[in-house]
Amino acid sequence: MLVKNSFEIVSLERFLLKLMEVIKHKYRLFSTSKMARQFLGWVCWISSLGILRAQEVQWASKLIGFSSEYIKEAQGKEFRAVQVLGYPNTVPPFGQTACAWSPYNADSNVEEWVKVSFEHPQKAKNVVIVENFNPGCITQVYGYDAAGREVLLADNPPAPTGTGRALTLPVADSSLTIASIKVILNPSRVQGYNQIDAIGLTNKPFELKINVGKDAPKEILKENLGTGVNTKAQEVAPVISPDGKTLYFTRGKFEGNTGNAESQDVWVSAKQGDTWGEAQNISAPINNADHNAVTGVSSDGKTLYLMNVYRSDGTMALGFSKSLRTKSGWSQPSECKIADFNVLPIEGKTKSGEKTLEYLLEFSMSPKGNVLIIAAKLNDTNGDRDLYVSFIKPDGTWSKPQNMGIVVNTAEVESAPFIATDNKTLYFTSYGHAGYGGGDIFVTRRLDESWTKWSIPENLGPAINTPQWDGFLSIPASGDYAYVSSMQNSVGGEDIFRFKVYPAIRPEPVAIISGTVLNAIDKKPVKADVVTDLFRDSTSVNYSHIEYDPETGEYKLIVPVKEKYRLSTTKDGFYAPSEEIDLSREKNFREIKRNLTLIPIQAGTKITLSNVMFEQSKYDLVPSSLFELDKMVKLMQQHPAMEILLEGHTDNQGELALNIKLSEDRVNEVKKYFVSKGIAENRIQIKAWGPTKPLASNELEGSRRRNRRVEFTILKM
């Protein structure tokens, strides 16, 4: 159950998150991580309240006591009495679930009971008891005020019809402020195990319904990817590359696989226009005689994350690995070690009823490559599988997995996670949250940096989720289409489909920034370190993971829009001008190509400090320019014999003489800054040119800003 949560709070939670973004970007508040954490704490607190504002029911929040509970496994919470808390996990037509309380005894004459309390005692017109399976065993219901006064609310409620019901009992004593409820059952009344999903208080009529995302379409076109991808075999687990151009998936029950028809292989298809080309077996070393699957791909497409650990003897072990694209193909997968990763087996049965034990794992890598989402059964799992988070450590190994909490995880199965490129939006499949079939896809959004606080999961709706199992959703950085596995309308077994992502479930927009690091003189690729900073006001912090190939000089990163970024490189013997990329006004996905140059440090080299900018008609340094100036100071400190010429330039707004004087003031301002940092005055010459040597047109302010610059020429090394 979802303890202390109400679906009616979702809109308020969204409002507060949106408000924080507006304040953050428009008014530049939350300038510290502490302020942001405090605000997010308020959001989490409000979204977890059980207060009766606009919602129809206050659901029980605390378990006081119970007679017995069915225990499936020692470490799990399936069927336990605690499942009676929170919002119901079942809706009509109801049915059995591990997310509801089942007394230990079935068909017994022994009295069973459960007692719960409410966070906010209230006067209520009705008590609601969700009997989701084998209803009709309730004999008495008692209410209690805060002082413990007991009032009989119902005696032998009417017998139901159907698999389950939401039993609504009127409260005759209107003066009773109900703090707790006790429900008594006689299991012998109805054959089989009896279940109670939830107990609540209400003053209004209410309807149990699936929590579907806002504005979910009633119909949506699911496009089969066609015969280039799908066959009469089984195509599952699509993983789309962030740029949307390459699709990896798993094919099973196929004669052309590496091992045999029963094994699973990784296949890959390249996008050709708006269609997908003929899929190719990715071959060894990724595919072998065992089951193989891709679980993620890096932002530059040059690292694949894979299911299982590839042992040197050709066998496989539990865990995950990664393979790098090299000139000769994909490298031998290497293990990614996870601390204290003790996976437990899941019990099942064969078609003939024989007991089986199997280990089931799924992974999703964050776009930064530093956070791993795991679906597994561990010692603290609520049900058959929960979602966990693990963080990369400085030595490249991964931290002990942390359970992602009861908002996401239930006492049933949570699986098939996918974290979107915004690093916030998580999609997963659940049997526990109310849905339309045998496992539905849900979306939830991260609320803080702990990765254990999430918004209430929303069902993607009946246009996407089918009566069968649905899962393995994957979305590229553009956020335009989602790729899923489904049995509905498939060619053979399961097929891969795509559908247009509607706004309410779309990840936040991002930008893909890519390019090559080049020598400014010969334009050849250069091996260098590439970093990016999130740049806000006069401060900057290292922000994003960058995929960089030192052999080709190519780099790629994915960043959220609505921010400003600075890209820079470092390499001994070179000066690296930084590149500012302003996405603060962007609202949609962007692809940006931006090459980075490295300028050899030698006598005669001229460097334009393009990011040393001044306001129009002023010579005060803009705070954002100090980053570039500090790089020049460091360069001169590293080369004590270096002497330079600083040349000042303006735009053409105003009189020529005044502009020449302004350019002189500006270049003197830069010189003063260098001297303040310990550079001797006699190492710096200056020259003022005014508007006579523009780099760009002076027609618009945007281009005039480029003309308000300082140039730096190395006179002597």
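These notes cover the structure that comes with them. Since the structure is predicted, the reported quantities are computational estimates derived from the model, not experimental observations.

Notes on the overall build of the protein chain
- The helix and strand tally for the protein chain stands at five helices and 47 strands.
- Taking all 717 residues of the protein chain together, 56% fall into the buried category.
- A fraction of 64% describes how many contacts in the protein chain between residues 6 or more apart in sequence connect residues 24 or more apart.
- Within the structure as shown, the protein chain displays about 31700 Å² of accessible surface, and the carbon and sulfur contribution to it stands at 51%.

A look at the pairing of strand 25 (residues 386-391)
- Across the six residues of strand 25, five count as buried, placing the element largely inside the fold.
- Strand direction decides the pairing type here: strand 24 (residues 371-376) and strand 25, joined by six bridges, are antiparallel. Within the sheet, the bridge partner assigned to isoleucine 373 lies in strand 25 and is valine 389.
- Strand direction decides the pairing type here: strand 25 and strand 26 (residues 402-403), joined by two bridges, are antiparallel. Looking at strand 26, one finds that valine 389 is bridged to glutamine 402.

Side note on the nonpolar core
- Ranked by size, the top nonpolar core spans 29 residues in total, and within it Ile129, Leu153, Ile178, Ile181, Val183 and Ile199 carry the most contacts.
- Breaking this core down by element, the ones donating at least two residues are strand 3 (112-123), strand 4 (126-131), strand 5 (138-144), strand 6 (150-155), strand 7 (165-170), strand 8 (177-185) and strand 9 (198-202).
- The element that contributes the greatest number of residues to this core is strand 8, accounting for four residues.
- The residues contacting isoleucine 178, other than those within four sequence positions of it, are Phe118, Pro121, Gln122, Val127, Tyr144, Leu153, Val171 and Leu201.

A short note on the sheet that holds strand 45 (residues 643-649)
- Spatial strand order, 44-47-45-46: four strands in an open sheet with mixed pairing. In this open sheet, the two edge strands, each paired with only one partner strand, are strand 44 (606-609) and strand 46 (684-690). Sheet twist, expressed as the mean angle between neighbouring strand axes with direction ignored, is 20°.
- Running at roughly 150° to strand 44, helix 3 (residues 626-638) makes contact with strand 44, strand 45, strand 46 and strand 47 (710-716) of the sheet.
- Across the sheet, helix 4 (residues 656-676) touches strand 45, strand 46 and strand 47, and the angle it forms with strand 46 is around 155°.

Quick notes on the packing of helix 3 against helix 4
- Helix 4 packs onto helix 3 with a crossing angle of 55° between their chain directions and a minimal axis gap of 10 Å. Relative to helix 4, the element helix 3 lies oblique. Viewed along their axes, helix 3 and helix 4 form a crossing whose handedness is right-handed. Here Leu626, Leu629, Asp630, Met632, Val633 and Met636 of helix 3 come into contact with helix 4, specifically with Val670, Tyr673 and Phe674.

Things to note about the packing of aromatic side chains
- In total, this model carries 13 aromatic pairs according to the counting rule given.
- Relative to phenylalanine 79, the ring of tyrosine 70 has its centre 5.4 Å away and its plane inclined at 85°; by these criteria the two rings are edge-to-face.
- Put simply, the rings of Phe320, Phe341, Phe363 and Trp398 pair up and form one aromatic cluster.
- If you follow lysine 182 out to its NZ or CZ, it ends over the ring of tryptophan 113, 4.7 Å from the centre.
- When the ring centre of tyrosine 575 is taken as origin, the NZ or CZ atom of lysine 631, which lies over that ring, is 5.1 Å away.

Examining unusual backbone geometry
- With an omega of 10°, the peptide bond running from proline 92 to proline 93 counts as cis.
- Take proline 93: it is sitting in the loop between strand 2 (62-66) and strand 3.
- Here the bond from alanine 284 into proline 285 is cis, since omega is 5°, no more than 30 degrees from zero.
- As for its position among the elements, proline 285 is in the loop between strand 15 (280-281) and strand 16 (294-297).
- Its identity as a non-glycine residue notwithstanding, asparagine 308 has a phi of 75°, on the positive side.
- Looking at the secondary structure, you find asparagine 308 in strand 17 (residues 303-310).
- Residue class for asparagine 308 comes out buried when judged on its relative accessible area of 15%.
- A positive phi angle, close to 50°, is found at aspartate 340, a residue other than glycine.

Some remarks on the environment of asparagine 382
- Relative to the helices and strands, asparagine 382 is located in the loop between strand 24 and strand 25.
- Overall, asparagine 382 belongs to the buried group, its relative accessible area being 7%.
- For the pair asparagine 382 and glutamate 412, spaced 30 residues apart in the sequence, the C-alpha separation amounts to 7.4 Å.
- Ignoring any residue separated from it by four or fewer positions in sequence, one finds asparagine 382 in contact with Gly76, Lys77, Glu78, Asn403, Ile406, Asn409, Thr410 and Ala411.

Let's talk about helix 3
- Compared with the 18 Å implied by 1.5 Å per residue over 13 residues, the 18 Å span of helix 3 between its first and last C-alpha is a close match.
- Within helix 3, the full set of buried residues consists of Glu628, Leu629, Lys631, Met632, Val633, Leu635 and Met636.

Notes on the sheet that holds strand 3
- An order of 2-3-8-5-6 is seen for the five strands of this open sheet, with the pairing classed as antiparallel. Only two strands of the sheet have a single neighbouring strand rather than two, namely strand 2 and strand 6. Each strand axis lies, on average, 25° off the axis of its neighbour in the sheet, ignoring direction.
- Sheet topology note: the strand 3/strand 8 ladder contains eight bridges and is antiparallel. Across the sheet, residue valine 114 finds its bridge partner in strand 8, namely valine 183.

Digging into the pairing of strand 34 (residues 510-519)
- Counting buried residues in strand 34 gives ten out of ten residues, a clear majority hidden from the surface.
- Note that strand 34 and strand 38 (residues 554-560) share seven bridges and pair antiparallel. By the bridge assignment for strand 38, isoleucine 512 is matched with isoleucine 558.
- Sheet topology note: the strand 34/strand 42 (residues 590-593) ladder contains four bridges and is parallel. Bridging across to strand 42, alanine 511 finds its partner in arginine 590.
- As judged from the three bridges shared by strand 34 and strand 43 (residues 596-600), these two strands associate in the parallel manner.

Focus: helix 4
- Between its first and last C-alpha atoms helix 4 spans 30 Å; for 21 residues at 1.5 Å apiece the expected length is 30 Å, and the two agree.
- Along helix 4, the residues classified as buried are Asn659, Leu662, Ser663, Asp665, Arg666, Val667, Glu669, Val670, Lys671, Tyr673 and Phe674.
- At its buried positions, helix 4 is contacted by helix 3, strand 45, strand 46 and strand 47.
- Residue glycine 678 follows helix 4 closely and has a positive phi angle near 100°.

Considerations on the environment of glycine 164
- Looking at the secondary structure, you find glycine 164 in the loop between strand 6 and strand 7.
- For the pair glycine 164 and glycine 95, spaced 69 residues apart in the sequence, the C-alpha separation amounts to 6.6 Å.
- Other than its neighbours up to four places away in sequence, glycine 164 contacts Pro93, Phe94, Glu131, Asn132, Phe133 and Pro135.

Quick notes on the rules
- For every chain, the first residue of its written sequence is number 1, and the numbers climb from 1 along that sequence.
- Reporting in this predicted model follows two pLDDT cut-offs: at least 70 for local features of residues, and 80 or more for side-chain atom pairs to be given and counted; totals over whole chains, interfaces and linings ignore these cut-offs and use all residues.
- To obtain the side-chain values, all non-hydrogen atoms of the structure were included, while hydrogens and water were left out.
- Segments assigned H or I by DSSP are reported as helices when at least four residues long, segments assigned E as strands when at least two residues long, and all are numbered from the N terminus.
- Relative accessibility under 20% of the residue-type maximum defines a buried residue, over 50% an exposed one, and the middle range a partly exposed one, all with a 1.4 Å probe and only protein chains included.
- Throughout, a residue-residue contact means that at least one pair of heavy atoms, one from each residue, lies within 4.5 Å.
- For every accessible area listed, the method is Shrake-Rupley and the probe measures 1.4 Å; residues are considered covered only by the protein chains on display.
- Pairing between two strands requires that DSSP report at least two bridges joining them.
- Joining through side-chain atoms within 4.5 Å is the link that ties buried Ala, Val, Leu, Ile, Met, Phe, Trp, Tyr and Cys residues into a set, and such a set is a nonpolar core.
- Note on geometry: axes are lines fitted to C-alpha atoms, helical ones only across the stretch in contact, with angles between N-to-C directions running from 0 to 180 degrees.
- Each angle receives one of four descriptions, namely roughly parallel if under 35 degrees, roughly antiparallel if over 145, roughly perpendicular if within 65 to 115, and oblique otherwise.
- Handedness of a crossing is defined here by the sense of rotation of the near helix relative to the far one, left-handed for an anticlockwise turn of less than a right angle and right-handed for a clockwise turn.
- Only centres within 6.5 Å qualify two rings of Phe, Tyr or Trp (six-membered ring in Trp) as a pair; their planes then separate them into stacked at under 30 degrees, edge-to-face at over 60, and tilted for everything else.
- In this scheme, the term charge over a ring applies when either NZ of a lysine or CZ of an arginine sits within 6 Å of the ring centre and within 35 degrees of the ring normal.
- Expected span of a helix: the number of residues minus one, times 1.5 Å.

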